[in-house]
Amino acid sequence: MLIVDSVQNAKAGHPGMALGMAEVGYVLYRHAMKYNQRNPDWINRDRFVLSAGHGCLLQYVCLHLAGFDSVQIQDLQRLCKLGSRTPGHPENIVTRGIEVTTGPLGQGVANAVGIALAEAHLAARYNKPDAVIFDHRTYCIMGDGCAMEGIAHEAASLAAHWKLHKLTLIYDDNHNTIDGPTSLAFSEDVSARFRALGWNTITVENIHSDLKSFKDALHLAFNETERPTFIKVKTLIGKLSGKEGTSKAHHGTFNEEDVKKMRERINWGCREPFHVIPMLHREMQEQIDNGERLEKEWYSKLYAYQSKYPQHVAELRLLLSNGLLPGWENLLPKWNMSDPVDATRGYSDKCLNHLAKVLPGLIGGSADLATSNKAYLHDHGDFQSNSPWGRNIRFGVREHAMGGISNGIALHGSGLIPFAATFLIFSDYMKNPIRLSALSHAGVIYIMTHDSIGLGEDGPTHQPVEQLAGLRAIPRLLVFRPADGNETAGAYKVAVKNRDRPSLIALSRQKVQANLEGTVSEEVQRGGYVISDNSGGQLPEIILIGTGSELCLCEMSARKLREGGRRVRVVSLVCWRLFDWQPREYKERVLPSNVIKRVSVEAGSPVGWREYVGREGVVIGVDEFGASGPYSEVFKKFGFTVENVTKVAETLLCK
């Protein structure tokens, strides 16, 4: 009735799944999960993920009944209201007790796999036979829509491969989606699919009349030591209502007659809306007391661990604080102008492996492109079922799941710093989890190589054009495109520091200077800065603005223009968002408003550059798909040569 009252009061919401899965929510929060509602961040708590995020009312009601301060009756009365702690889909940064932000179907399944991976990894690294520190379970509810989304299949495949046996996936099998019955577009045997992937599968036939059958299924899952468990629970969407068992129950309110009949069916009488039977609070108090006891016992284990294994506890405490060793950034490599040239992906490789020595939480991998992305932690092993302590994750060709799993690792809250690598063009496969990283404050580091048409021979199917523009548009995401080794190190410094914000580092395949004269690692944190200027005390006549591998074209063109007596400034705009956040005075110093002759040079979409070059400026970009051929020839075809940049600048200067 709390679900019904909340929807009726808000005149909005999704009651169907919440009503059908009420028994599941009750059993999980009352009998199955260990947590302490007075300390929702206790690291060894069981995790619950609602992949079918539209059913958030189920979780809000459970959090309220379980005694979480974050969801009071007043919060249920403000469902979907602006600024409330009960938004229309669960958001971890809004409501304590919500582990991850979900809504796009299937994402939560991947998040849950990431959380389960984090537990298995930390348990392998720190648990001892006489001191078990990490030992929690992960529960996830998915629906028919999640089952249809490809990300759920990708993530489930990996969970079985890794034998994440403390992961339990609960499938709300109600045979309905928004458009109608699932028979419209979905006829597979979902349990058989999960069984084929390597999951332990269980079916609960009638939870509405046999609560014990679900408890028994959870006991079977608890006793499974080799495989993750998939529990199919047959439910009635919109249970008790006149819409019961139909897609009409998915979302929306109920008419007054329907609400009256629901009250009659459960003998609710004339109780006021949002009434909670006192007995239920007393019932849940047992779980509350148990949670506090469990956390106290855990801290006792931690104290004993500290005396027995002092060499491990220092690293563990570092992880549980923020994972950053004081002075860690000093180990980032520095490059000189005499160092051999390499692609920025090569400089990234060196940064990652230097950081792995001082950041015990650094963990991640690539979507079957580790050798191409140069994203592998040497001497740190692979995370596999027989080596869960490994810090390199082999995601296979599963970019979408890689993003969702990385979010789960980041939001586990244990100081792990996940990185996820692929070609920039394939960021399209994982755009949604990247967006959710930003929305849920997950500090994932995305490493995207082969960042432009400069990758050459693979041609337009693999050459990103519009990707940078789309990624830069995601709120809170920091997108870096470093020009050399030092800017790459600077990008990593900012990315690692930002533990509540994702970063994406776009890296070249083609080689560039290790240290382009004028670049400064420390200046990357400003997003944009001047790398060279021969104007003395005067304003420059023209400003050339570049990123990535094209910054050197700007600098070489500037030298030619200066030989002709021109005053030229070159600016590196390595991260637009960081530059936009700088004080107005600083931005004016870098890009003086009185200098209207500007040229931007970037081998990607011109979208967004007009803001920096102004109405009178010229954007050298790519507004069509690339071409297959040696990168130097492709660059020449699209105008990315010193000669063309110089020609464009001279033409602009003559106006």
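Once a new chain begins, its residue numbering starts again from 1 and follows that chain's sequence as written. Where local features are concerned, this predicted model is filtered to residues with pLDDT of at least 70; where side-chain atom pairs are given and counted, the filter is 80 or more; whole-chain, interface and lining totals use all residues. To get the side-chain values, all heavy atoms of the structure are used, and hydrogens and water are removed first.

Draft legend 1. The UniProt feature "active site" (unreviewed entry) in the chain, seen in detail. UniProt positions are given in the numbering used here, feature names are shortened, and annotations may be inferred rather than shown by experiment. Those places that UniProt annotates as "active site" (unreviewed entry) correspond, in this numbering, to Glu399. Numbering of helices and strands starts at the N terminus; helices are DSSP runs of H or I of at least 4 residues and strands are runs of E of at least 2. Looking at the element boundaries, glutamate 399 is found in helix 16 (residues 399–411). Here glutamate 399 falls in the buried class, since its relative accessible area comes to 7%. The contact definition used throughout considers only heavy atoms, calling two residues in contact when any of these lie within 4.5 Å. Not counting residues up to four positions away in its chain, the partners in contact with glutamate 399 are Glu154, Ala367, Thr422, Phe426, Tyr429 and Met430. Each residue gets one of three labels from its accessible area relative to the maximum for its type: buried under 20%, exposed over 50%, partly exposed in between, using a 1.4 Å probe on protein chains only.

Draft legend 2. Structural detail: the sheet that holds strand 3 (residues 167–173). One open sheet accounts for five strands, arranged 1-2-3-7-6; its pairing is parallel. The open sheet has two edge strands, strand 1 (47–50) and strand 6 (200–204), and neither has a second partner. This sheet shows a mean twist of 20° between the axes of neighbouring strands, independent of strand direction. Where strand 1 and strand 2 (residues 138–142) come together, four bridges link them in parallel fashion. Within strand 2, the position partnered with valine 49 by the bridge is cysteine 140. Inter-axis angles, ranging from 0 to 180 degrees, are taken between N-to-C directions of lines fitted to C-alpha atoms, where helices are fitted over the stretch in contact. Lying on the sheet, helix 10 (residues 211–223) is in contact with strand 2, strand 3, strand 6 and strand 7 (229–234); it crosses strand 6 at an angle near 170°. In this description, strands pair whenever DSSP reports at least two bridges between them.

Draft legend 3. Representation of the packing of helix 3 (residues 22–32) against helix 10 in the model. Following both chains from N to C, one finds helix 3 and helix 10 inclined at 55°, their axes separated by 11 Å at the closest point. Here helix 3 is positioned oblique relative to helix 10, judged by the angle of their axes. Taken as a pair, helix 3 and helix 10 cross one another with a handedness that is right-handed. Of the residues in helix 10, those in contact with Glu23, Val24, Tyr26, Val27, Leu28, His31 and Ala32 of helix 3 are Leu211, Phe214, Lys215 and Leu218. Considered class by class, the residues forming the contact of helix 3 with helix 10 number eight nonpolar, one polar and two charged. By the definition adopted for this analysis, an angle is roughly parallel if under 35 degrees, roughly antiparallel if over 145, roughly perpendicular if from 65 to 115, and oblique otherwise. By the definition used in this description, the sense in which the near helix is turned from the far one sets the handedness, with an anticlockwise turn below a right angle giving left-handed and a clockwise turn giving right-handed. Throughout this entry, Asp, Glu, Lys and Arg are counted as charged residues, while Ala, Val, Leu, Ile, Met, Phe, Trp, Tyr, Cys and Pro are counted as nonpolar. The remaining residues, Gly among them, count as polar.

Draft legend 4. Examining the UniProt feature "binding site: substrate" (unreviewed entry) in the chain more closely. Following the UniProt record, the feature "binding site: substrate" (unreviewed entry) maps to His14, His250, Arg345, Ser372, His450, Asp458, His462 and Arg509 here. For the residues just named, distributed over 496 residues, the greatest C-alpha separation reaches 47.9 Å, placing them at more than one site. When neighbours within four sequence positions are excluded, histidine 14 is seen to be in contact with His54, Gly55, His89, His250 and His251. Counting through the fold element by element, histidine 462 comes out in the loop between strand 13 (445–449) and helix 18 (467–472).

Draft legend 5. View of the layout of surface pockets. Lining residues are those with an atom within 4 Å of a point, where the points come from a 1 Å grid over the protein atoms alone and group into cavities, where a 1.4 Å probe fits but cannot get out, or pockets, open sets with protein on both sides within 12 Å along at least five of seven lines. Grid points are joined across faces, edges and corners, and a volume is the space filled by probe spheres set on the points. Reported here for the largest pocket is a volume of approximately 900 Å³. Lining of the largest pocket is provided by 26 residues; of these, Met1, Ala22, Tyr26, Leu65 and Leu280 occupy positions nearest its centre. When grouped by side-chain class, the residues that make up the lining of the largest pocket number 21 nonpolar, two polar and three charged. Quantified by volume, the second largest pocket comes out at close to 530 Å³. What lines the second largest pocket is a set of 24 residues, and nearest its centre among them are Pro40, Asp41, Arg45, Ile98 and Glu99. Here the residues of the lining of the second largest pocket sort into twelve nonpolar, seven polar and five charged. Of the residues that make up the lining of the second largest pocket, three or more belong to each of domain 1 (14–55 + 105–292) and domain 2 (328–506). Each domain's extent was defined by an automatic or database domain assignment.

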